[in-house]
Amino acid sequence: MCGIVGVTGIDHAAELTFLGLYALQHRGQEAVGICSVDGGETRLEKSAGLVSDAFDAARLSRLTGRIAIGHTRYSTVGGPGLHNAQPFAVRYRQGALTLVHNGTLTNALVLRDGLVREGALFQSNIDSEVIVHLIARSRMETPDAQVLDALSRLEGAYSLTLTVGETMYAARDPRGFRPLVLGRKGNGWIVASETCALDLVHAEFVRDVEPGEVLKIENGELRTLPSLPSVDRVSPCIFELVYFARPDSRV
C-alpha cells in the first residue's frame, strides 16, 4: 500500500503534489518523495518519515515546474531506506523518465533476473524499478509504445504515473487491484490514489482510471492509449474499501 500523486499543467505543481501526499499520508509513513519536471530537467527530493516533516517551503521552492509526481511509501517489497523510496528519476534515450508506483508485481523477480542478465544495474530492492528498466530497454520507437510494451509484461497490481520529458502517463493494471482517480484543476490534470487528495487541492473529480487503461497527458490534452490486454474479470482489492482508503474518499 502506497499513495501516489501526479500533477501536470499547473503552476507550482510540486506544492499541489505535497498537499495531495499530505492527504494520502495514511497510505504510507516510511518515506516520501517528490520529483518535478521543468523544461525537461528533473528535480528530486526524498526523505524518510512524514510528508509534513520532510518538506518545508525552502525545499518545495527547489522543485520548480508545472509537472510533478509524488509518493508516500509503505513497504511491501524491499526494506526501509531512501534507496527504496520513490519517485525514480533517470535519463534514457528519450530524455528524463520519472515514475511512482503503488502495488506489487508478482513476476518482478523473474523480470529482474532477466534484466540483470542483460546488464541492467539496479539501485533499489523494490519491484517498481523493474518498470523503469523495461521502459528504458524497450525496442519500441516512441515513448507511447515503450510504455505500453513495458506494462504489457507486468503481472500483479500496479497503479502508476510516470513522465517522459514533459508528457505524463497514468495507468492501472487490467484487474484494477489498486485505485487511481483522475481530477481536473483549471487547465491542468491531477491523478491520485484517492479522491481525498483531489479534495484538499480543490480539484474536480472527473472519474476513476479504468482497469487496464493507460492515459497520456501532453500539452494539457488528455488521450487514452490502447488498453492493456484484458483479463477474465476485474478484482479490486476489498481492503481498499474496509481498511486502506480514507472514509471521505469516494471508493
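These lines cover the structure that appears in this document, whether it is placed above or below. Residue indices follow the written sequence of each chain, beginning from 1 at its first position. Whole-chain, interface and lining totals are the exception, using all residues; otherwise, since this is a predicted model, local features are given only for residues with pLDDT of at least 70 and side-chain atom pairs are given and counted only at 80 or more. For side-chain calculations, the full set of non-hydrogen atoms in the structure is used, while hydrogens and water are omitted.

### Let's talk about the packing of helix α5 (residues 128-137) against helix α6 (residues 143-152)
Here comes step 1: It is at 8 Å that the axes of α5 and α6 come closest, and there the two elements cross at 135°. Taken together, the axes of α5 and α6 lie oblique to each other. Along this stretch, α5 crosses α6, giving a crossing that reads as right-handed. Between α5 and α6, the contacting residues are Ile131, Leu134 and Ile135 on the first element and Gln146, Val147, Ala150 and Leu151 on the second.
Here comes step 2: Partitioning the contact of α5 with α6 into residue classes produces six nonpolar, one polar and no charged. Every angle, taken between N-to-C directions, lies between 0 and 180 degrees, and every axis is a line fitted to C-alpha atoms, over only the stretch in contact when it is a helix. A run of H or I in DSSP becomes a helix once it reaches four residues, and a run of E becomes a strand once it reaches two; helices and strands are each numbered from the N terminus. Roughly parallel covers angles under 35 degrees, roughly antiparallel covers those over 145, roughly perpendicular covers 65 to 115, and oblique covers all other angles. By the definition used in this description, the sense in which the near helix is turned from the far one sets the handedness, with an anticlockwise turn below a right angle giving left-handed and a clockwise turn giving right-handed. In this description, contact between two residues means that some pair of their heavy atoms is separated by no more than 4.5 Å. Any residue outside Ala, Val, Leu, Ile, Met, Phe, Trp, Tyr, Cys, Pro, Asp, Glu, Lys and Arg is labelled polar, Gly included; the first ten of those are nonpolar and the last four are charged.

### Side note on a nonpolar patch on the surface
Here comes step 1: Patches draw on residues past 30% relative accessible area with no salt bridge. Two like charges within 9 Å are joined, as are two nonpolar side chains (Val, Leu, Ile, Met, Phe, Trp, Tyr) within 5 Å. For accessible areas, the Shrake-Rupley method is used with a probe of radius 1.4 Å. Any residue's cover is judged against the shown protein chains and nothing else. Should a side-chain nitrogen of Lys or Arg be within 4 Å of a carboxyl oxygen of Asp or Glu, the pair is scored as a salt bridge. Side chains of Ile238, Phe239, Leu241, Val242, Tyr243 and Val251 sit close together on the surface and give an oily, nonpolar patch of about 690 Å² of accessible area.
Here comes step 2: Tracing the sequence through the fold places valine 251 in the segment after α8 (238-244).

### A look at the packing of helix α4 (residues 108-117) against α5
Packed helices, taken two at a time, are described by their axes: the angle between them and the distance between them.
Here comes step 1: Packing of α4 against α5 leaves a shortest axis separation of 10 Å and a crossing angle of 45°. As the angle between them shows, α4 and α5 are arranged oblique. Remark: the crossing between α4 and α5 carries left-handed chirality. Across from Ala108, Leu111, Arg112 and Leu115 in α4, the residues of α5 making contact are Val130, His133, Leu134 and Arg137.

### Structural notes on the side chain of serine 124
Here comes step 1: Structurally, serine 124 can be placed in the loop between α4 and α5.
Here comes step 2: Take serine 124: its relative accessible area is 1%, and that puts it in the buried class.
Here comes step 3: Engagement of the side chain of serine 124 in a polar contact is seen with the side chain of glutamate 129, the distance being 2.7 Å.
Here comes step 4: Not counting residues within four places of it along the chain, the set of residues in contact with serine 124 comprises His83, Asn84, Phe88, Arg112 and Glu129. Throughout, exposure labels follow a simple rule: accessible area from a 1.4 Å probe, protein chains only, divided by the maximum for the residue type, with under 20% read as buried, over 50% as exposed, and the rest as partly exposed. N or O atoms within 3.5 Å of each other form a polar contact, as long as, within protein, one can give a hydrogen and the other can take it, and as long as residues adjacent in sequence are counted only when both atoms are side-chain atoms.

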